[in-house]
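Letter by letter, the chains look like this.
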Amino acid sequence: MENPGLRLGQGGLILLAALVLFLLFFALRDILLRTRSFWYQFACIVIVTVFPIIGFLIYLLIRPARTIKERELEAMILTLVATEAPSQIEVGVGEKDDEDDEEDEEDEEDEEDEDDKDDKEDEEKEEKNDEDIKKHGHHHHDHSDTHSHLGL
């Protein structure tokens, strides 16, 4: 006859092993999506492997906050926002005075001057990028935010 307590203990160990494997594979997949640093990935996997449940909780605390894709997307959005001039829409109520019309004309001239400066800067950037492509065969991208977390 088999001992029912032994059977229960075996079932518990099997469930614990399944949980540990799940946590290990989850941490492995997650850390690969969050950093390109081999040593950071290695350290996180060792922590989760050596201290299965507590190590996973530690991993959740020390992992990078955002995935690589999220950081790249944020950098692209910030680049787009920085290059796009915010359009200012003026909504007026009622009639305008002649003085307001004169001020508006001056404001429009100032905005046109700023737009001309922005256009020249854009053209200069494009020319520099074209030169870089001719020299190096590729675009120059700024990846300074890619490994911002923990100096990686």
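For the structure, check the block above.
Residues numbered from 1 in each chain as written. Predicted model: local features only at pLDDT ≥ 70, side-chain atom pairs only at ≥ 80, totals over all residues. Heavy atoms only, no water.

Some thoughts on the nonpolar core
Test applied: We define a nonpolar core as any set of buried Ala, Val, Leu, Ile, Met, Phe, Trp, Tyr and Cys residues linked to one another through side-chain atoms lying within 4.5 Å. Throughout, exposure labels follow a simple rule: accessible area from a 1.4 Å probe, protein chains only, divided by the maximum for the residue type, with under 20% read as buried, over 50% as exposed, and the rest as partly exposed. Per the convention used, a helix needs a DSSP run of H or I reaching at least four residues, while a strand needs a run of E reaching at least two, with both numbered from the N terminus. Throughout, a residue-residue contact means that at least one pair of heavy atoms, one from each residue, lies within 4.5 Å.
Counting eight residues, the largest nonpolar core is built from Leu23, Ala27, Ile31, Tyr40, Cys44, Val48, Phe56 and Tyr59. Of all the secondary structure elements, the ones that give two or more residues to this core are helix H1 (4-34), helix H2 (38-50) and helix H3 (52-62). Ignoring anything within four residues of it in the chain, the contact list for Tyr59 reads Ala27, Asp30, Ile31, Arg34, Cys44 and Val48.

Notes on the pattern of salt bridges
Applied cut-off: When a carboxyl oxygen of Asp or Glu is within 4 Å of a side-chain nitrogen of Lys or Arg, the pair counts as a salt bridge.
Scanning the entire structure with this criterion turns up five salt bridges. Residues Arg63 and Asp30 are paired through a salt bridge, measuring 2.8 Å at the closest nitrogen-oxygen approach. In this pair, Arg63 sits in the loop between H3 and helix H4 (68-83) while Asp30 sits in helix H1, placing the two residues 33 residues apart along the sequence. One salt bridge in this structure joins Glu72 and Arg36, with 3.1 Å as the shortest N-O distance.

Re the packing of aromatic side chains
Aromatic rings in a pair are described by how distant their centres are and how their planes are angled relative to each other. The following threshold applies: Aromatic rings from Phe, Tyr and Trp, with only the six-membered ring used for Trp, were paired whenever their centres fell within 6.5 Å, and each pair was classed as stacked if the ring planes differed by under 30 degrees, edge-to-face if by over 60, and tilted otherwise.
Inspection of every chain in the model, using the stated rule, returns six aromatic pairs. Taking 5.0 Å as the distance between ring centres and 75° as the angle between the ring planes, the aromatic pair formed by Phe38 and Trp39 counts as edge-to-face. For the ring pair Phe56 and Tyr59, a centre distance of 6.3 Å and an interplane angle of 40° mean the geometry is tilted. One end of the pair, Phe56, and the other, Tyr59, are both in helix H3, three residues apart, so they sit about a helical turn from each other. A relative accessible area of 11% places Phe56 in the buried class. Here Tyr59 falls in the buried class, since its relative accessible area comes to 1%.

As for the packing of H1 against H2
Here is the rule we go by: Angles run from 0 to 180 degrees between N-to-C directions of axes, and those axes are lines fitted to C-alpha atoms, restricted for helices to the stretch in contact. Comment on the angle field: the value is read as roughly parallel under 35 degrees, roughly antiparallel over 145, roughly perpendicular from 65 to 115, and oblique elsewhere. The crossing is said to be left-handed when, going from far helix to near helix, the turn is anticlockwise and less than a right angle, and right-handed when the turn is clockwise. Classification used: nonpolar for Ala, Val, Leu, Ile, Met, Phe, Trp, Tyr, Cys and Pro, charged for Asp, Glu, Lys and Arg, polar for all others including Gly.
Where H1 contacts H2, the two axes come as close as 10 Å, and the packing angle between them is 165°. One finds that H1 runs roughly antiparallel with respect to H2. The element H1 and its partner H2 pack so that their crossing is right-handed. In this structure, H1 contributes Leu23, Leu24, Ala27, Leu28, Ile31 and Leu32 to the contact, and H2 contributes Tyr40, Gln41, Cys44, Ile45, Val48 and Thr49. Looking at the contact of H1 with H2, its residues break down into ten nonpolar, two polar and no charged.

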